[in-house]
Structure formats: C-alpha cells, structure tokens
Amino acid sequence: MPVVSYIEAIKTAMEEEMERDERVFILGEDVGKRGGVFRATEGLYERFGAKRVIDTPLAESAIAGVGIGAAMYGMIPIAEMQFADFILPAVNQIISEAAKIRYRSNNDWTCPITIRAPYGGGVHGALYHSQSIEAIFANQPGLKIVMPSSPRDAKGLLKAAIRDPDPVLYFEHKKAYRLLKEEIDNNEEVIEIGKANLLQEGADITVITYGLCVHYAKEAAKELAAEQGIEVNLLDLRTIYPLDQEAIINAVNKTGKVLLITEDNKEGSIISEVSAIIGEHCLFELDAPIKRLAGPNVPAMPYAPTLEKAFMVNQDQIKQAMLDLALF
Amino acid sequence: MSKHTELGLSEEEVLEMYRIMLTARRVDERMWLLNRAGKIPFVVSCQGQEVQQVAASFALNREKDYSAPYYRDVGVVLALGMSIKELMLQAFAKAEDPNSGGRQMPGHFGSRKLRMLTGSSPVTTQVPHAVGIGLACQMNNDDAIAFVTLGEGSSNQGDFHEGANFAAVHKLPVIIMVENNQYAISVALNEQVACEKISDRAIGYGMHGETVDGNDPFAVYKAVKQAADRAREGTGPSLIEAVSYRLTPHSSDDDDRTYRSEQEVKQAKENDGLISFREYLIAHNILTEENEREMEQTIKSLIDEATDYADAAPYASPDTLLDGVYQ
Ligand SMILES: Cc1ncc(C[n+]2csc(CCOP(=O)(O)OP(=O)(O)O)c2C)c(N)n1
Ligand SMILES: [Mg+2]
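What counts and how
- Numbers given to residues run from 1 along each chain, matching the order in which its sequence is written.
- Each chain gets a letter, beginning with A, and each ligand a number, beginning with 1, in the order they are written.
- Totals for whole chains, interfaces and linings use every residue, but because this is a predicted model, local features are given only for residues with pLDDT of at least 70 and side-chain atom pairs only at 80 or more, for both listing and counting.
- As a rule here, side-chain values cover all heavy atoms of the structure and leave hydrogens and water aside.
- We define a salt bridge as a side-chain nitrogen of Lys or Arg found within 4 Å of a carboxyl oxygen belonging to Asp or Glu.
- Helix and strand assignments come from DSSP, with helices taken as H or I runs of at least 4 residues and strands as E runs of at least 2, each series counted from the N terminus.
- Buried residues are those whose accessible area, probed at 1.4 Å on protein chains only, stays under 20% of the maximum for their type, while exposed residues exceed 50% and partly exposed ones sit between those limits.
- In this document the domain limits rely on a domain assignment from an automatic tool or a database.
- Should any heavy atoms of two residues lie within 4.5 Å, those residues are considered in contact.
- When two components associate, each loses some accessible surface as probed by a 1.4 Å sphere; the sum of these losses over both components is called the buried area.
- Being near a molecule or strand, for a residue, means having at least one of its heavy atoms within 4 Å of it.
- Counting of polar contacts relies on pairs of N or O atoms within 3.5 Å, with two restrictions inside protein: one atom must be capable of donating a hydrogen and the other of accepting it, and residues adjacent in sequence are counted only when both atoms are side-chain atoms.
- What sets the accessible areas is the Shrake-Rupley method with a 1.4 Å probe; for residues, cover comes only from the shown protein chains.
- The definition of a nonpolar core used throughout is a set of buried Ala, Val, Leu, Ile, Met, Phe, Trp, Tyr and Cys residues joined through side-chain atoms within 4.5 Å.

Right, let's talk about the pattern of salt bridges for a bit. All names here are of chain A. This structure, assessed with the given rule, holds 38 salt bridges over all chains. Measuring nitrogen to oxygen at the nearest pair gives 3.3 Å for the salt bridge that ties Glu42 to Arg39. Across the salt bridge formed by Glu172 and Arg116, the nearest N and O atoms sit 2.8 Å from each other. Of this pair, Glu172 sits in strand S7 (residues 168–173) while Arg116 sits in strand S5 (residues 114–119), placing them 56 residues apart in sequence. Overall, Glu172 belongs to the buried group, its relative accessible area being 0%. When salt bridges with common partners are traced through the structure, they connect Glu16, Glu17, Arg20, Lys155, Lys159, Arg163 and Glu188 into a single cluster.

Before going further, it helps to examine the domain arrangement of chain A. Where the parts come together, the accessible area they lose is often given as the size of the interface. All names here are of chain A. According to the domain assignment, chain A contains domain 1 (3–183) and domain 2 (197–327). Domain 1 and domain 2 are separated by 26 Å when their C-alpha centres are compared. Each partner contributes to the interface: domain 1 provides 34 residues, whereas domain 2 provides 25 residues. Regarding the contact of domain 1 and domain 2, the summed buried area is about 2200 Å², with carbon and sulfur atoms giving 58% of it. Considering only the side of domain 1, the residues that lose the most area to domain 2 are His124, Met147 and Ser149, jointly responsible for 19% of the buried surface there. Where domain 1 meets domain 2, there are one salt bridge. Where Asp153 meets Arg238, a salt bridge forms, and the shortest distance between an N and an O atom there is 2.8 Å.

This brings us to unusual backbone geometry. The omega torsion across Tyr241 of chain A and Pro242 of chain A is -10°, close enough to zero to call that bond cis. Structurally, Pro242 of chain A can be placed in the loop between strand S12 (239–241) and helix H10 (245–255). Unlike most non-glycine residues, Ala93 of chain B shows phi in positive territory, near 60°. Inspection of the secondary structure puts Ala93 of chain B in the loop between helix H5 (84–91) and helix H6 (126–139). Among the residues examined, Ala93 of chain B registers a relative accessible area of 23% and is labelled partly exposed.

This part takes up the site of ligand 1. All names here are of chain B. Around ligand 1 there are 16 residues in total, and Tyr70, Tyr71, Arg72, Ser154 and Tyr183 lie nearest to it. Between ligand 1 and Gly153, the relevant distance is 3.0 Å, taken from an oxygen atom to a main-chain nitrogen or oxygen of the residue. In the complex, 72% of the free accessible area of ligand 1, which totals 580 Å², lies under the protein chains.

If you look at the interface, chain B gives 43 residues, while chain A gives 42 residues. Here chain B and chain A share an interface that buries about 3500 Å² over both sides, 61% of which is from carbon and sulfur atoms. Together, Arg112, Met139 and Tyr326 of chain B form the three largest contributors to the area buried by chain B at its contact with chain A, with a combined 21%. Taken together, chain B and chain A are joined by zero salt bridges. There are 19 residue pairs in polar contact (both at pLDDT 80 or more) connecting chain B and chain A. For the side of chain B that touches chain A, the secondary-structure elements that each account for two or more residues are H6 and helix H7 (158–169) of chain B.

We now examine the nonpolar core. With 92 residues, the main nonpolar core has Phe137, Phe171, Ile208, Leu237, Ile248 and Ile278 of chain A together with Ile176 of chain B as its most contacted residues. When residues in this core are grouped by element, the largest group, nine residues, is from helix H3 (residues 60–73) of chain A. Taken together, domain 1 (3–183) and domain 2 (197–327) of chain A each give at least three residues to this core, which thus spans both. Residues contacting Phe137 of chain A, with those up to four places away along its chain left out, are Ile87, Val91, Ile94, Ile95, Leu143, Ile145, Leu169, Phe171 and Tyr241 of chain A. With 65 residues, the next largest nonpolar core counts Cys46, Leu87, Ile286 and Met295 of chain B among its residues.

Structure representation (structure tokens):
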C-alpha cells in the first residue's frame, strides 16, 4: 500500500471523483495553472483542462455563489477557499443560499456543492491564515461540515462530500497537509458523513475531538498508555455538523470521564455543543466534570512564535489534561 | 413599418404580451385588496414594472432558458409559465404553492420545472447563481442562457460586482437586467449611486451595457433580444437597465407618503407603460373594445377562481416542518 500524505489524499479524492463523474469540477483562486497555493489541485489543470479546473477572479462570494448556481444546474462543483479565514465574504452565499436552497424550495431545488477550505494554525500564518472558523457554520441546518483527521479520512470524507446531494463544508488542516502520512490502499473508500469514528477503545477516560487535534490526542494517549497504563477511549467526530449524538453518548457513558478538545476558541465552539449533548444525556453517568481544552479567547492566533505556541493546543497540554482527568 | 413588425413580433405575440402584463397588474391589485382585507399578510408589488418584465421575458427562449427573478417579477414569472393559481397559492402561503410550499414570503419565486432558480430575501445573491448557470451552460455546450433581475439599489451589493465580473471574464451567457424603479424602499436613485446610469457600470466589467425605457416594451424587447443573441453566440454577458417607476409603496408594510410626493407618484402613473402600450395596440387595431372586454373578464374570473382556490387550500401540515433540510 502506498504511503499518502493528507494533501495527496485530498488531491487524489478530487482526481478520482473528476474521473468518475464528468459533472465534477473545481473552481477557486489559483487552483488552475498554479495547482493551488498549497498544491492541493496540483496536476489537475493539466489533466482535466481549464474548463474543469477554473481559476476564478479573486472574489469569494462569487466562488461560492457561482458554484451554487452551477450546482442548481446539475453540476457538482468543488469550490476552494484559499484559506478558511477568507470564507467570510462568502458566508451569506453559504448560509443564506446553499444551506437553505432545498428547504426553501420545498425540495424542488438542490445544491450539491462541496466547499473546501484550509484551516488551522501552527504554520506561522498569524491572525488571518490560522483560524478555525467552523463554529460559524455549525448551527445551520442544511449544511454538513466535515473535518478529517488523517489522510485516509481526508480522502474518504472528501469523496463522500463530493457525492453528497447537499452542501458540504470540508475543512482541511494546513499543518496536517504534509505532517500526516499513512498507508492507504487504492480502494474507493467513501466514509459516511454524519458518523463519528471510535479510533481506540479504552476504559479510563474518553477524549472527543476532531481535525488535527485527533493526531495530538492519539500521540498523547500512546504515551500515557506506555507510561501510566491509562487507557483512552478516543472518539474522532469526523463530521462536526450535524453531530453524531449517539456515538458521543456511547463514548462518554463507557468511561464516565470526558475530555473535549478543539483548536478553536473555547466559547461557542463545537465542543460547547458536544458538552451540552453530554449534559443533556449523560449527567448521571459522569464521574467527573466535563473537561474542555481549547484555544484561548483572543480574536485569533498571533504571528510571533512565542505567542503562536502559547495559543495552540499541543500534545503536552492534551497529555496533562488526560492525566488530570484520569486521576480525578 | 410598425414597431412590433420591425422586431419580428406578430400581432398575436404583442397581444399576448399585453394580456400577461395586464394579468400581472390585476393579480397585484387583487393582492393589495386581499392584504387590506386581512386575508394575506404581505404584498410586494410589480406595479409600474410589468411592461419591462414581460417584454424582457418574451425576448428569451422560454422553452429552455434559465431565470433568477427577484421579488417584484410577477410579470416575469407569469410570462415564463407560472399560473395565476400558483401565484395566489404563494400569496396565501399554502402547501400546494410550487415556489416554496408556503415556506417563504410571497414574491420569493422558484420552480425547477420552469428552470427558475429559487430566490431568497437577501438582495442580489441571485446574480452569482445566474452566473453559475451561465458557467454550467458553457461547460455543457448547452445553448440556454441565464436571465437575472434585481433592483437598482441592489446593484450596490458586492454580489452584483462579483457576479458581473465573473460572467464577463468567462464570457458567460448571462443577461443581468436591473429594474430601475427609482427607489430602494425610501432611498432615491441619487442617494444610491453617483453615476448617471446603472448601465455605465458595464464598462468597468468589460461587458455590453445599455439603458432603456422600461415603459417601452419594444425598446426592452429589442435590448434583451440582442443581449440573448450575444449570449448565445458566446460573446458574453450584458447589463440592461430598464428605467421605470415603482407605482406602489415598497410593500404592504410601507408608507411612501413619508418620502415622496403624491404629485410625483401621480405623474408617474400618467406615464405608466401599460397605458401607452394599450394605446399602441388600439391604434394598430390589435386591441379592440371587444377583445379588451373579454380579456379583462377572463383575467378577472381566473383571479376570482384562483383566489377562492388558494383561500380554501390547506396550509402545510406542521408535521412537514422538518422536511427537506437534507435529502
Ligand atoms: C442584503 C439586504 N439588505 C437589505 C434588505 C431589505 N430590503 C429589501 S428590498 C430593499 C430595497 C431594494 O431596492 P431595489 O434594489 O431598488 O429594488 P426595488 O425594491 O426598488 O425593486 C431593501 C433595503 C434585503 N432584503 N437584503
Ligand atoms: Mg428600486
């Protein structure tokens, strides 16, 4: 089996889907000749041509809005936002339009668009190239949001997003692009949207997270198991909207102790909703207060290395939080 | 040669155009009555814009082109195939309304069958959608085109600029028609834009731009027809500005006496394109006393029937509240 990086997995998913279905096309800034500023679409312009890998003007609302129009026609657009931070000019198109097209037309029109956006920090990207902006969209029924944590998931979830009959936001972690590599067989795995993934079972504590934090949590759990014999039950949300409530409840009930992790600011984040679900459904199963580990409540991640490091949730913090919870 | 024959329009076609314009006006008038009688909570009017709406629609290929109309386009949607009954169903927000099943306010049109994109309330979002349709047509060698309308105030939104620019760069088959009715709720044209004409903006996008008298059906038809021909030939999008006047308050919730004079409205009513088109048809013996009477009667009875039907039709069951969020 070939070893594939997270970004190669993304590219391969698009390539295979474009190959499979002629209606699939890409539009975004610099996605064509340049192959994307991160090279996520590298080679696709050469392979599929300028009509299916479209360099658009620098205008995010049009990238989303034109994609939405094409999707209503019956095409399957993959719109790329160069950075998740710059999705904000397109929020109206995504929330007022894409999310509501099926509902407002009473099932007459549909909008099968995928919007990809690189998110996340730890890449010296400063305030506007580091943000996690998923929470903005995570209370909008009509949208689905996936955030893959590994190359295999990146590929399988992107294929699922492209095949989904409704709009899907696909947030990919920039730091994961070349950091994460794994063997993926060349099969056509499509990972179901809406289902969380229990990555490892453990009896002592439950950790629930998503995106790149899953990687850090996995590594921290490995160390804790080796050093202290603590067994972590690790749930990767995979789809952060709508949440897989059943998987969350089962994972929490298994250990009665839960740590929730996000790279985003704590307030009003995805893990806020996860903790509300736990509060609603698992109160009498809990043996410790819900513990949350998240970015600090400052507007966004600063540039200077000291400040960036202080902002980012890291493996050591996660390990410490896991240990504290296990000992509670 | 008369104006309509010059444009290749038959007597039947111009009469049909007039019938639809008149239908739009009468439907709209009925909706105000229903609103004032407490039967329907909201009306947003087409009055004053029917001529340009219907004339423009007739310049399209109504069998295959796509449209993204805005909330005033009763004339457009009628011309493109929506029935009076369907219009009444959406006014009453009944389950059978094909636009949204009563989920949206009146005036939020959409029908997949008619290739009419579903519209929303935030203005101008439909412009990039129409451009996306144009893009898809181009990609699929489909010789359909996309026709999108909006108000002049709405032409200040970012989506107007983003959509127009995208369409021009990729030479997409799109017609953007700005229905300039001189007001955006209470804000008059000179407080919306500093340019002389909305169509002046076309230069900045590198597309064809043209301003026409929205009360003149022939001028509108000609401009949109030529725009459609250019779009189909692959020479790109056009920006057509049709100038008319909003004869009613912005909506049933507005009181226009707070920002414009009754004198101004009265004068605009005298210039109503529906009056001059009627006179043209009479002068050319296309509209006679007899067929006019018959036309009015037919429209009235269709509206009566549609009103009774829509009034009696059931609302969506509360059980359907959760339907259609996802497939
Ligand atoms: C983004 C947005 N802002 C404000 C409104 C409220 N609003 C509805 S219609 C309107 C005026 C629109 O004027 P114009 O574009 O000239 O169209 P007209 O109603 O005159 O046909 C406003 C401000 C809205 N619907 N959407
Ligand atoms: Mg106006």
